[in-house]
Every structure is written in C-alpha cells, then in structure tokens.
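Summary of the model geometry
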Amino acid sequence: MVLKVINHPYAYDMKKLCTVFFPFEKIRDDGEEDITVTTADMGGRFVAEASAYGKTVKKEYEPKQDEDMANAMSVLLFSALSELTGYTPEWGILFGVRPAKLMHRYFAELGENGAKNTFINKYLVSPKKAELTAEVMKNENRIISLSKDDSFSLYISIPFCPTRCAYCSFVSHSIERTQKLVEPYVDLLCKEIERTAEVAKKLNLRLETVYFGGGTPTTLTAEQLDRLMSAVENNFDLSTVREYTVEAGRPDTVTESKLLALKKHNVSRISINPQTFNDTVLEAIGRKHTAAQTVEAFELARKCGFDNINMDIIAGLPTDTPESFGKTLDKAVSLGADSITVHTLALKTASNIVTGEEPFEFNISVSGMVDYSDSALKAAGYVPYYMYRQSKSAANLENVGWCNAGRECLYNVYMMDETHSVFACGAGAVTRLRNPENGFIDRIYNFKYPYEYIDNFDEVIERKEKIFEFYNGNNE
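Quick look at the structure, then. No experiment lies behind these values; they were computed from the predicted model shown. (Residues numbered from 1 in each chain as written. Predicted model: local features only at pLDDT ≥ 70, side-chain atom pairs only at ≥ 80, totals over all residues. Heavy atoms only, no water.)

This brings us to the pairing of strand E2 (residues 35-41). Where strand E1 (residues 2-6) meets E2, 5 bridges bridge the pair, whose relative direction is parallel. Note that in E2 the partner of Ile6 across the bridge is Ala40. With helix H1 (residues 11-21) bridging E1 and the parallel E2, this β-α-β connection has left-handed handedness. The sheet contact formed by E2 and strand E3 (residues 46-52) spans 7 bridges and is antiparallel. Opposite Thr38, over in E3, you have Glu49 as the bridge partner. Hairpin remark: E2 followed by E3, antiparallel, with 4 residues in the connecting loop; positive phi at Gly43, about 65 degrees. (Pairing = 2+ DSSP bridges. Helix = DSSP H or I, 4+ residues; strand = E, 2+ residues; numbered from the N terminus. Right-handed = clockwise from strand over helix to strand, strands pointing away.)

Here you go:
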C-alpha cells in the first residue's frame with residue numbers, strides 16, 4: 001500500500017494506524033498500489049482519504065487551536081479507514097505496547113472514571129477494553145508497590161528449543177541444529193552470571209525476581225540446568241527473591257529429573273504451555289508434541305511439588321476454531337492451572353508463518369475467542385493482572401495474563417511496567433537499566449545468536465561496565 005503524508009509531522013502515527021487495518025501490507029510512500037492512503041494538513045484543515053479496490057472514503061476536519069493535533073489527525077484517519085473496511089478495532093487509535101501504564105498516568109491525573117473516559121473518548125478504545133485496562137492497572141499497581149529504589153530482577157536467556165514454532169520470532173534455535181553450541185554456551189553463561197552478580201553486589205542492589213526464559217530452558221539437560229541454577233545460587237543473594245520462574249514451555253522437554261533439579265534450587269513458578277489442546281493445530285504450528293503430553297507434563301509437575309504453574313494459550317492459530325479454542329481454555333481451567341496467559345497470534349516478520357511458502361490469513365474468529373477467554377476466566381475466578389500488546393496481532397487484540405489469587409507473575413509486571421532494572425545474561429538478552437529517580441531507561445545488548453555470544457564473550461563481559469557507568473550518574 002502507499003501512504004502519503006502531506007504537511008504534517010505525524011507520519012509514525014499514520015503508519016501505525018495503517019498497519020492496524022492492513023497488517024499484511026508493506027507500506028511505501030510513493031508509487032501505484034491497490035490501497036492508497038493520504039493524510040494532509042491543508043492550512044489548518046485536516047484531510048484523510050483512503051482508497052482500496054475501487055472504493056474511496058474522504059474525511060475532513062478543522063481542529064481547534066488548543067487541540068492535540070496528532071490525536072485529531074489519527075481520529076480522522078481512523079474514521080476513514082473504519083468506513084472503508086467496515087472494521088472498527090476495539091483499541092481505537094491506541095497502538096502502544098503498555099496500555100495499563102498509560103491508564104495509570106491518566107488515573108493519577110483524572111481518577112478512575114476520568115482515565116477510562118479518556119481512553120474511550122480520546123483514543124476511541126471500546127468501553128470493554130478500557131474497563132479491562134483499568135482492572136489490569138489496579139492489579140499491576142499492587143505488584144509494582146513491592147519494588148524499591150534498589151530493586152532489580154535477573155533474566156537468564158536459554159535460546160534453544162526442540163523445534164521452532166511456526167509463529168515464533170524470538171532468538172531461539174532448534175536443538176538438533178545447534179547441539180554442539182549448547183555445552184560451551186552453558187559454560188560461558190555461568191561465567192556471565194558470576195560477573196553480573198559481582199556488579200549487583202558492588203552496587204548493593206536487591207534481587208526481587210529471577211526468570212529463566214528462551215527459547216525453552218528445559219531443552220537443556222537436568223545437569224546443565226543444575227549448573228546454571230547453582231551459578232545463580234552461589235553468586236547472588238537470593239534471600240530477598242520473591243519469585244523464581246523457569247519456563248518449561250514445551251511439554252516434550254519436561255522430565256522428572258529436570259523438574260526435581262528445579263525444585264532443588266527453589267524454583268517457585270514454572271510455565272508448561274499447551275498453546276492449544278488440539279493435536280491438528282499443534283501439527284499446523286510445528287510443535288512436535290501432543291495435547292496428551294501437555295497433560296502428562298502438568299500432572300508430573302504437580303507430583304513433583306509445583307504449586308504455581310502457568311499455561312499459555314494462543315487465540316487465532318491456523319486451523320483452529322472457536323469451538324476448539326474454547327475446549328483448550330476449558331481444559332487449562334479444569335487442570336487447575338494457577339495462571340493462564342491468553343495471547344493473540346501476532347504475525348512477526350521473522351516467523352515461519354510469514355516467511356513460509358504457504359500464505360496465511362488471520363483467523364477471523366479471533367475476537368470471539370478472546371471474548372470467550374475473558375468471560376470464562378472471570379467466571380472461573382481468575383483475575384487479569386498483566387497485559388501487553390504487539391503489532392500485527394490478529395484483530396489488533398491484546399495478550400493478557402490471568403491468575404488465581406496470589407499467583408501473579410511478578411517478573412512479567414516488572415518487565416512490562418519497566419518498574420526497575422533487569423540484568424540479563426545470555427544470547428539475545430537485553431539488560432534494561434532504570435533510574436529510580438527520573439525513570440530514565442537505558443539498555444545494554446548482548447550478542448543476538450549463540451555462536452556470536454560464544455565468539456565475542458570477552459566483549460559481553462566488558463559491556464557489564466556500562467552498568468556501573470549508569471548507576472554512577474551517567475543516566476540522564
């Protein structure tokens with residue numbers, strides 16, 4: 001599609017809105033295409049014109065002098081695109097990743113009703129989504145209040161999986177192709193953990209949460225997991241840790257020996273992620289396990305003593321149906337999952353769904369799937385405590401973490417809210433530093449791929465010095 005921006009500086013907002021309505025289109029600024037959008041400031045009169053396959057809609061508006069001009073242009077384009085497509089996204093013109101954080105800002109200024117009305121009237125968010133955002137914000141705030149100025153979290157990256165899921169865009173690699181890298185990777189990761197702990201100790205920081213993510217951490221052997229967690233245990237002060245999570249996301253990687261290794265190191269929370277309990281859908285997305293294996297892994301984890309188990313499911317997967325999705329959600333509830341995270345499928349550029357030979361279309365029933373998850377989980381006593389949004393999500397919908405009382409994932413909230421610093425170790429890991437006084441954020445990036453991480457490990461360690469620079473005042 002072609003997007004023309006004339007006489008105004010809101011190109012970024014216009015592009016984001018076009019992506020909401022046409023997520024598969026590559027956006028150019030010139031040429032001839034079947035879809036064209038023009039937004040212009042004609043001397044104080046805003047114009048938005050959109051055309052697609054022979055249909056054209058044109059809207060005009062004269063903003064007031066004290067009006068938010070970017071918002072006014074966005075609302076105008078939203079109106080034109082909604083009429084053109086017959087589709088009104090529930091999140092309106094809001095495209096930010098962290099809606100609860102924005103809700104918190106308006107809540108502080110205007111109170112709860114004022115904040116929700118701002119979402120509805122200024123950003124055109126549906127009342128249902130505004131209400132959900134306010135509820136998530138309240139639950140997040142209880143967790144955020146636990147963090148102190150000297151708090152931080154620790155993230156450990158394990159970028160290996162049994163196979164790569166069709167929807168995945170993370171830095172993760174099939175264990176079959178990268179087996180020779182795993183052992184040297186674990187050796188060096190232990191050294192990075194040791195150095196990171198030295199930095200934290202010198203800065204007198206307080207560790208709140210530990211999170212092993214990936215990839216799939218339980219792709220590693222029980223012995224490798226034990227070595228890594230021993231490195232954490234032997235180098236960090238864990239006496240203040242409120243939560244210790246390890247993703248065991250792929251059921252086909254879960255064994256009793258691995259679970260016992262996690263218990264040995266006081267891991268308090270794990271994820272066992274079905275994504276779906278439909279074997280046909282599992283095959284379509286490239287997950288080499290069955291729904292029955294997910295149930296077996298969950299029951300084994302309960303047997304090993306885990307009383308805080310999360311399950312991820314995805315709305316909008318290829319070949320899935322509303323009935324099948326409903327059965328998946330109901331199964332996770334009936335198993336007694338302590339928390340259930342409902343993701344909306346997002347088509348990321350690097351995923352096999354996008355790059356593969358077979359064309360993919362969003363599941364048109366995804367809105368109904370998400371609506372069902374909201375009502376069913378509330379009815380089952382779960383509460384929404386965590387939310388984020390991604391670009392190119394089906395129907396522009398959200399990802400929400402739901403939990404039983406006291407089973408929130410603190411790390412997820414701290415990450416999404418950017419509450420405090422997160423020291424990250426491993427390939428693809430990003431250390432995020434936050435100044436508690438002014439909220440300034442800085443980042444330190446590790447090398448993306450395991451082979452790069454291994455080949456450039458000395459530089460990985462050198463970059464830890466930037467943490468000292470940040471905490472010693474170079475963080476304005």
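Having put the structure on the table, let's press on.
Turning our attention to H1. Taken together, the buried positions of H1 are occupied by Met14, Leu17, Cys18, Thr19, Val20 and Phe21. Buried residues along H1 sit in contact with E1, E2 and helix H2 (69-85). (Buried < 20%, exposed > 50% of the residue type's maximum accessible area, 1.4 Å probe, protein only. Contact = heavy atoms within 4.5 Å.)

Each neighbour pair has its own omega, and for Gly214 with Gly215 the value is 15 degrees, a cis peptide bond. Within the fold, Gly215 resides in the loop between strand E8 (206-214) and helix H6 (222-235). Phi is positive for Lys392, close to 60 degrees, though the residue is something other than glycine. Position of Lys392 among the secondary structure elements: in the loop between strand E13 (383-389) and strand E14 (398-403). Lys392 sits in the partly exposed class, given a relative accessible area of 30%.

For the rest of this paragraph, the subject is the packing of H6 against helix H7 (residues 256-264). Closest axis-to-axis distance for the H6/H7 pair is 9 Å, and the angle between their directions is 15 degrees. The angle between H6 and H7 places the two elements in the roughly parallel class. Handedness of the crossing formed by H6 with H7: right-handed. Touching Ala222, Leu225, Asp226 and Met229 of H6 are Ser257, Lys258, Ala261, Leu262 and Lys264, all from H7. For the contact of H6 with H7, the per-class residue count stands at 5 nonpolar, 1 polar and 3 charged. (Axes fitted to C-alpha atoms, helices over the stretch in contact; angles between N-to-C directions. Parallel < 35°, antiparallel > 145°, perpendicular 65-115°, else oblique. Left-handed = near helix turned anticlockwise from the far one by under 90°. Nonpolar A, V, L, I, M, F, W, Y, C, P; charged D, E, K, R; others polar.)

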